[in-house]
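# A look at the structure
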Number of protein chains: 2
Amino acid sequence: MTRSPRRPSPATPDWPRPLVTVDVVIFTVREAALQVLLVRRPEGPDEPWPGRWALPGGFVDVETDADLAACALRKLEAKTGVASPYLEQLGSWGDARRDPRGWSVTSVYFALIPAAGVRLREDAAWHTVQGDAVEPELAFDHAALLAAAVGRLRSKVEYTSLPAYLLEPEFTLTELQQVYEIVLERPLEKSAFRTRVLAAGLVEPVPRRREGACRPAQLYRLARPEEPVVFPRTFSPRRG
Amino acid sequence: MTRSPRRPSPATPDWPRPLVTVDVVIFTVREAALQVLLVRRPEGPDEPWPGRWALPGGFVDVETDADLAACALRKLEAKTGVASPYLEQLGSWGDARRDPRGWSVTSVYFALIPAAGVRLREDAAWHTVQGDAVEPELAFDHAALLAAAVGRLRSKVEYTSLPAYLLEPEFTLTELQQVYEIVLERPLEKSAFRTRVLAAGLVEPVPRRREGACRPAQLYRLARPEEPVVFPRTFSPRRG
DNA sequence: ACAATAGTGTCTATGAGACAATATGGT
DNA sequence: ACCATATTGTCTCATAGACACTATTGT
C-alpha cells in the first residue's frame, strides 16, 4: 500500500487502474463425474471472445459489491440460484495481456454445490472435467484458472472434508466415499475410509436411513458444516 | 469475465474501477525468532495512515509490471535487495472500506528469505512476530493480512519444506530443525525429524561440514529448490 | 433362500514419538 | 580424558491398506 516513489500522492490516485473482475469455478458431481459450470460469452461486436465458453464472472461493481466474496456470491447465485455454497478463494491472476481490454486482475473463487435443485440460467451449462480441463476451448486464460482450481480441489480432497459439500445435506457413507473416488479418480478402501471419516468427527448420524433394494444405510450430515475438517494424513501415502 | 447485465459493453469499459495494489509479507528468521519486514507509511498530508507501520507494497504500475508476481518482486527487491526469494501468492482482499481512497483490491504475496546479506531500506525494519501479530499497530487492514500469512506459513510448515527457504543455501540438519521449531513454536524430536527430512529427499549433502567447538556437522542443500516438498503427514498428529 | 449392499474385524506395513546409545570433533 | 554436539538405533504406538467376514434389508 506504499505510494510508488514516482507518483504524486493525491487523496484519490488518478493514474491508470487495471480492470478488476471476479470469476467463479463452480464444481458439482453429476452423472458420476466432476463437472464445472460454464457460461457462453455474449456475442456483441466489441465483446472479447464472443460466443466462447467461459467461467462465470465479471467486473466488480463498486456500488453494489461490499467485498470480493460478495461479488463472487452474487455471480454464483445469478447463474445457479444457490445462495450458500462452500466458497473459497483460489487466488488472483493479473497481467497486461489476459484481457484485450487492458491490464486486468481477476480474483478467482471456487465453489462446491450439490447438483440437485440447481436451476441453471439459459447461457449456463455443466461440463465434465477430464483431467484438469474441459472439452471446449475456454475464453481468456480461463483454462489456466480452471486447471488451478481442479488442482487445488484434488489436492485438498486428499486431506479434507471438502467433497461433503458436493452432496446434499444428508448422505450415506457410501455416497460420500463415491464422491471422494470421483474427484480423486481412484478407488478408496471402504474400511479405512469409514474409520477415518468417523474418527475425525467429520459427520454425525441423523435418525434416518436410506431405503433401497438392499440393506438400508445410515444417513449422516456434516457435524460442523461451517468449517472443513483437515485429516492429519493424506489418503494414500503417495508422495507429491 | 462476463459483462454485467446492466452495463454497456464498450471495447474498454469505462465504469469506476477499484484501486489495485500488491502487498508483500516478507518473513525471515533472525535472533531466533520469526520476523516480518515492515515499512513506515509516508507522512504527506493526503497520505492514509501517515507514519504508521505497514506491509511493503503499493499500486500496480500498468506500464512497468508485467504481472502481479513481477510487481511483488519489484517491491520486495526495492526494500531488501533480494532478487530471488521464495514467493507464493496468499490471496486477495478487496472491499469498499479497506482504503480511505476508495474500493481497493490487494493481491498479497508472502516471501521467505534468509536474513543474512539483506540490505534494508531506511524506512524498513524487521519486527518479531508474536502469536500471529506484531507489536506496532499496522496501517489499513494489514494486521489481518499478516495474520493470514502467519497462519498459512505455520500451516504449511507442518507438512512442507518451506522453512528451508528461510536459511542460507547450505545448512546443517540441526539448523533446519531449529527453524522448524521457531516457526512452529514447539520442539520437534530430533530422530524423527532427520528420518523424515532425509526420507523425503528434501535435501542432499554437499562435501562440506560446519566446523565448531564440537563435532562438525554435515552441510546440506535443497535437492530441488524450485519446488517445495510435501510430506505425507503433518509433524505431529495433533488435529487442527 | 438369495442378491445386494452396509458395516466390522483382523493382519500387516509404515512412519512418528520417545529415548538411548554411539560417533567425532575441539580443548 | 572430557565436553558438546552429530548421528544412529531400538522400542512402542497409531493408523492406513488389504482383504475377509458378518449383518440386514427387499424380493
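The structure we're discussing is the one just above.
The following refers to the structure shown.

Bringing the overall build of chain A into the picture now. A count of helical and extended segments in chain A gives four helices and 10 strands. Beginning at the N terminus, the succession of helices and strands in chain A can be written as β-β-β-β-α-β-β-β-α-β-α-α-β-β. By principal-axis analysis of the C-alpha atoms, chain A measures approximately 70 × 40 × 35 Å. Considering chain A as a whole, with its 240 residues, one finds that 38% of them fall into the buried category. When contacts within chain A are restricted to residue pairs at least 6 apart in sequence, long-range pairs at least 24 apart make up 63% of them.

Interface size, as often reported, equals the accessible area lost upon joining of the parts. Counting residues at the interface gives 52 residues for chain A, matched by 52 residues for chain B. For the side of chain A that touches chain B, the elements supplying multiple residues, two or more each, are β1 (19-30), β4 (57-59), β5 (86-95) and β6 (104-112) of chain A. With five residues, β5(A) is the largest single contributor of residues to the side of chain A that touches chain B. Its residues placed into classes, the side of chain A that touches chain B shows 24 nonpolar, 16 polar and 12 charged.

Residues in a regular strand point their side chains to alternate faces of the sheet. Residue and element names in this part refer to chain B. For strand β2 (residues 33-40), a buried count of six out of eight residues is recorded, marking the element as mostly surrounded by other parts of the structure. One ladder, built from four bridges, connects strand β1 (residues 19-30) with β2; its direction is antiparallel. Opposite V29, over in β2, you have L34 as the bridge partner. Counting the residues between successive antiparallel strands, the hairpin from β1 to β2 contains two residues, one of them, E31, with a positive phi of roughly 55°. Pairing geometry for β2 and strand β7 (residues 124-128), over five bridges, is antiparallel.

On to the sheet that holds strand β10 (residues 217-222) of chain A. Ordered by their spatial adjacency, three strands build an open sheet running β8-β10-β9 (chain A), and the pairing between neighbours is antiparallel. Each edge of the open sheet is held by one strand with a lone partner, namely β8 (171-172) and β9 (203-210) of chain A.

The biggest cluster of nonpolar side chains holds 116 residues, and the ones touching the most others in it are A:V25, A:F27, B:V25 and B:F27. With residues up to four places along the chain from it excluded, the contact list for B:F27 reads B:L34, B:V36, B:F110, B:A111, B:L112, B:L153 and B:L166.

Mapped onto the fold, A:F59 is located in strand β4. In the structure, A:F59 is positioned 37 residues away from A:V22 in sequence and 6.3 Å away in space, judged by C-alpha atoms.

Between the two copies, chain A and chain B, the superposition gives an RMSD of 0.0 Å; the rotation angle is 180° and the shift along the axis is 0.0 Å. The symmetry that links the two subunits is that of a two-fold axis. When you check the interface residues of chain A against chain B, 98% turn up at the interface there too, and the contact is symmetric in its surfaces.

What follows concerns the sheet that holds strand β10 (residues 217-222) of chain B. Residue and element names in this part refer to chain B. Pairing is antiparallel in the open sheet, where three strands are placed in the order β8-β10-β9. The open sheet has two edge strands, β8 (171-172) and β9 (203-210), and neither has a second partner. Summarising the sheet, β8 and β10 pair through two bridges and their orientation is antiparallel. Opposite T172, over in β10, you have L219 as the bridge partner.

A few words now on unusual backbone geometry. Positive phi values are uncommon outside glycine, yet A:E31 reaches one of about 50°. Look at B:E185: it is not a glycine, yet its phi comes out positive at around 60°. Within the secondary structure, B:E185 is located in the loop between α3 (173-184) and α4 (190-199). Judged by the 11 C-beta atoms lying within 10 Å of it, B:E185 falls in the exposed class.

The first and last C-alpha atoms of helix α1 (residues 68-80) of chain A sit 18 Å apart over 13 residues, in line with the 18 Å expected at 1.5 Å per residue. Count one or two residues on from α1(A) and you reach A:G81, which has phi positive near 80°.

The next point concerns the pairing of β9(B). For β9(B) and β10(B), the ladder comprises five bridges, and the chain directions are antiparallel. By the bridge assignment for β10(B), B:R209 is matched with B:Q218.

Within the fold, B:E189 resides in the loop between α3 and α4. Each C-alpha atom, one on B:E189 and one on B:P100, is 48 Å from the other, the two residues being 89 residues apart in sequence.

Next up on the list: the packing of helix α2 (residues 142-157) of chain A against helix α3 (residues 173-184) of chain A. Residue and element names in this part refer to chain A. Remark: α2 packs on α3, axes separated minimally by 9 Å, with the N-to-C direction vectors making an angle of 135°. Relative to α3, the element α2 lies oblique. In this structure, α2 meets α3 at a crossing whose hand is left-handed. Here L153, R154 and V157 of α2 lie close against α3, whose contacting residues are Y180, V183 and L184.

Before going further, it helps to examine the environment of B:V29. All names here are of chain B. Along the polypeptide, V29 turns up in strand β1. Separated by 95 residues in sequence, V29 and A124 have C-alpha atoms that sit 16 Å apart. Each residue touching V29, except ones within four places of it in the same chain, is listed here: L34, A115, L166, V179 and I182.

So, on to the packing of α3(A) against helix α4 (residues 190-199) of chain A. To describe two helices that pack against each other, one gives the angle between their axes and the distance between the axes. Residue and element names in this part refer to chain A. Viewed as axis vectors pointing N to C, α3 and α4 meet at an angle of 105°, and their least axial separation amounts to 11 Å. Between α3 and α4, the interaxial angle falls into the category roughly perpendicular. Residue-level contacts link L173, L176 and Q177 of α3 to K190, F193, R194 and V197 of α4. Looking at the contact of α3 with α4, its residues break down into four nonpolar, one polar and two charged.

Conventions adopted
Residues numbered from 1 in each chain as written. Chains lettered and ligands numbered in written order. Predicted model: local features only at pLDDT ≥ 70, side-chain atom pairs only at ≥ 80, totals over all residues. Helix = DSSP H or I, 4+ residues; strand = E, 2+ residues; numbered from the N terminus. Buried ≥ 20, exposed ≤ 12 C-beta atoms within 10 Å, placed from the backbone. Contact = placed C-beta atoms within 7 Å. Nonpolar A, V, L, I, M, F, W, Y, C, P; charged D, E, K, R; others polar. Pairing = 2+ DSSP bridges. Core = buried A, V, L, I, M, F, W, Y, C linked by C-beta atoms within 7 Å. Least-squares fit on C-alpha atoms with pLDDT ≥ 70 in both. Expected span 1.5 Å × (residues − 1). Axes fitted to C-alpha atoms, helices over the stretch in contact; angles between N-to-C directions. Parallel < 35°, antiparallel > 145°, perpendicular 65-115°, else oblique. Left-handed = near helix turned anticlockwise from the far one by under 90°.

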